[in-house]
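Examining the three-dimensional arrangement
Listed below, chain by chain, are the residues.
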Amino acid sequence: MNERIALYFESMAQSCGDMGSPFNAKVLRAAINVLGGETATGQRILNWPGDPQADALALRLAGGLHSL
(Lines give C-alpha, C1' and ligand atoms only; values in the text may rest on other atoms or scores of the structure.)
Protein backbone atom coordinates (compact mmCIF):
# COMPACT_ATOMS: atom_id res chain seq x y z
CA MET A 1 0.00 0.00 0.00
CA ASN A 2 1.12 3.52 -0.74
CA GLU A 3 2.62 4.88 2.52
CA ARG A 4 0.89 8.26 2.20
CA ILE A 5 -2.49 6.61 1.67
CA ALA A 6 -1.88 4.09 4.48
CA LEU A 7 -1.03 6.84 6.98
CA TYR A 8 -4.11 8.81 5.97
CA PHE A 9 -6.39 5.76 6.23
CA GLU A 10 -4.97 4.97 9.69
CA SER A 11 -5.54 8.57 10.77
CA MET A 12 -9.15 8.41 9.58
CA ALA A 13 -9.64 5.03 11.25
CA GLN A 14 -8.44 6.55 14.52
CA SER A 15 -10.82 9.49 14.08
CA CYS A 16 -13.75 7.19 13.32
CA GLY A 17 -13.02 5.13 16.41
CA ASP A 18 -12.70 8.25 18.56
CA MET A 19 -16.05 9.55 17.29
CA GLY A 20 -17.92 6.33 18.07
CA SER A 21 -17.79 4.53 14.75
CA PRO A 22 -15.76 1.39 15.45
CA PHE A 23 -17.15 -0.39 12.38
CA ASN A 24 -15.81 2.27 9.99
CA ALA A 25 -12.51 2.24 11.88
CA LYS A 26 -12.23 -1.52 11.28
CA VAL A 27 -13.21 -1.19 7.62
CA LEU A 28 -10.54 1.46 7.01
CA ARG A 29 -7.87 -0.55 8.82
CA ALA A 30 -8.82 -3.63 6.81
CA ALA A 31 -8.54 -1.59 3.62
CA ILE A 32 -4.93 -0.75 4.49
CA ASN A 33 -4.16 -4.46 4.55
CA VAL A 34 -6.07 -5.60 1.47
CA LEU A 35 -6.01 -2.82 -1.12
CA GLY A 36 -3.53 -3.57 -3.86
CA GLY A 37 -2.93 -2.74 -7.47
CA GLU A 38 -4.58 -5.90 -8.79
CA THR A 39 -8.14 -4.55 -8.51
CA ALA A 40 -9.76 -1.51 -10.08
CA THR A 41 -10.66 -0.16 -6.64
CA GLY A 42 -7.14 -0.68 -5.33
CA GLN A 43 -5.62 1.01 -8.38
CA ARG A 44 -7.96 3.97 -8.03
CA ILE A 45 -7.22 4.45 -4.31
CA LEU A 46 -3.46 3.87 -4.52
CA ASN A 47 -3.04 6.20 -7.51
CA TRP A 48 -5.31 8.97 -6.25
CA PRO A 49 -4.17 12.12 -8.08
CA GLY A 50 -5.34 14.62 -5.47
CA ASP A 51 -4.95 15.11 -1.75
CA PRO A 52 -6.56 12.07 -0.09
CA GLN A 53 -7.38 14.00 3.08
CA ALA A 54 -8.87 17.05 1.36
CA ASP A 55 -10.83 14.74 -0.94
CA ALA A 56 -12.08 12.57 1.98
CA LEU A 57 -10.86 9.48 0.14
CA ALA A 58 -11.18 7.07 3.06
CA LEU A 59 -14.71 8.20 3.85
CA ARG A 60 -15.67 7.95 0.18
CA LEU A 61 -14.48 4.34 0.16
CA ALA A 62 -16.35 3.58 3.39
CA GLY A 63 -19.48 5.25 2.02
CA GLY A 64 -19.24 3.33 -1.24
CA LEU A 65 -18.89 0.03 0.60
CA HIS A 66 -21.84 0.96 2.81
CA SER A 67 -23.92 1.70 -0.29
CA LEU A 68 -23.13 -1.75 -1.70
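Let us look at the environment of Met19. By the element assignment, Met19 lies in the loop between helix H1 (3–18) and helix H2 (22–34). According to the relative accessible area criterion, Met19 is exposed, its value standing at 68%.

For the rest of this paragraph, the subject is H2. Its 13 residues give H2 an end-to-end C-alpha distance of 18 Å, which sits within 8% of 18 Å, the value for a rise of 1.5 Å per residue. Three or more residues of H2 are buried, namely Ala25, Val27, Leu28, Ala31 and Ile32. Down the axis of H2, the buried side of the element spans an arc of 165°, and every buried residue falls inside it. Residues Pro22, Phe23, Lys26, Asn33 and Val34 are exposed on H2 and point more than 90 degrees away from its buried face. In this structure, the buried residues of H2 make contact with H1 and helix H4 (57–67).

So, about the packing of aromatic side chains. Inspection of every chain in the model, using the stated rule, returns one aromatic pair. With centroids separated by 5.8 Å and ring planes inclined at 85°, the aromatic side chains of Tyr8 and Phe9 adopt a geometry described as edge-to-face. Using a relative accessible area of 8% as the deciding quantity, one classes Tyr8 as buried.

Where H1 contacts H4, the axes come no closer than 9 Å and their chain directions differ by 70°. On the basis of the axis angle, H1 is roughly perpendicular to H4. Note on element contacts: H4 touches H1 through Leu57, Ala58, Leu59 and Leu61, opposite Ile5, Tyr8, Phe9, Met12 and Cys16. Broken down by class, the residue content of the contact of H1 with H4 amounts to nine nonpolar, no polar and no charged.

Further remarks concern the confidence of the model for the protein chain. Confidence in the prediction of the protein chain, expressed as mean pLDDT, is 94, and 100% of residues score 70 or more. Confidence, read as mean pLDDT per element, is least for helix H3 (residues 40–46) in the protein chain (93) and greatest for H1 (96).

Glancing now at unusual backbone geometry. Despite not being glycine, Ala56 has its phi angle at roughly 50°, a positive value. By the secondary structure assignment, Ala56 is in the loop between H3 and H4. Classification of Ala56 by relative accessible area gives partly exposed; the value is 27%.

In total, this model carries one salt bridge according to the counting rule given. The residue Glu10 makes a salt bridge to Arg29 at a minimum N-O spacing of 2.9 Å. Pair noted here: Glu10 is in helix H1 and Arg29 is in helix H2, with a separation of 19 residues, a long-range link. Since its relative accessible area comes to 32%, Glu10 is described here as partly exposed.

Reading the values: rules and limits
- Residues numbered from 1 in each chain as written.
- Predicted model: local features only at pLDDT ≥ 70, side-chain atom pairs only at ≥ 80, totals over all residues.
- Heavy atoms only, no water.
- Helix = DSSP H or I, 4+ residues; strand = E, 2+ residues; numbered from the N terminus.
- Buried < 20%, exposed > 50% of the residue type's maximum accessible area, 1.4 Å probe, protein only.
- Expected span 1.5 Å × (residues − 1).
- Arc of directions from axis to C-beta.
- Contact = heavy atoms within 4.5 Å.
- Phe/Tyr/Trp six-rings, centres within 6.5 Å; stacked < 30°, edge-to-face > 60°.
- Axes fitted to C-alpha atoms, helices over the stretch in contact; angles between N-to-C directions.
- Parallel < 35°, antiparallel > 145°, perpendicular 65-115°, else oblique.
- Nonpolar A, V, L, I, M, F, W, Y, C, P; charged D, E, K, R; others polar.
- pLDDT = per-residue confidence, 0-100.
- Salt bridge = Lys/Arg side-chain N within 4 Å of Asp/Glu carboxyl O.

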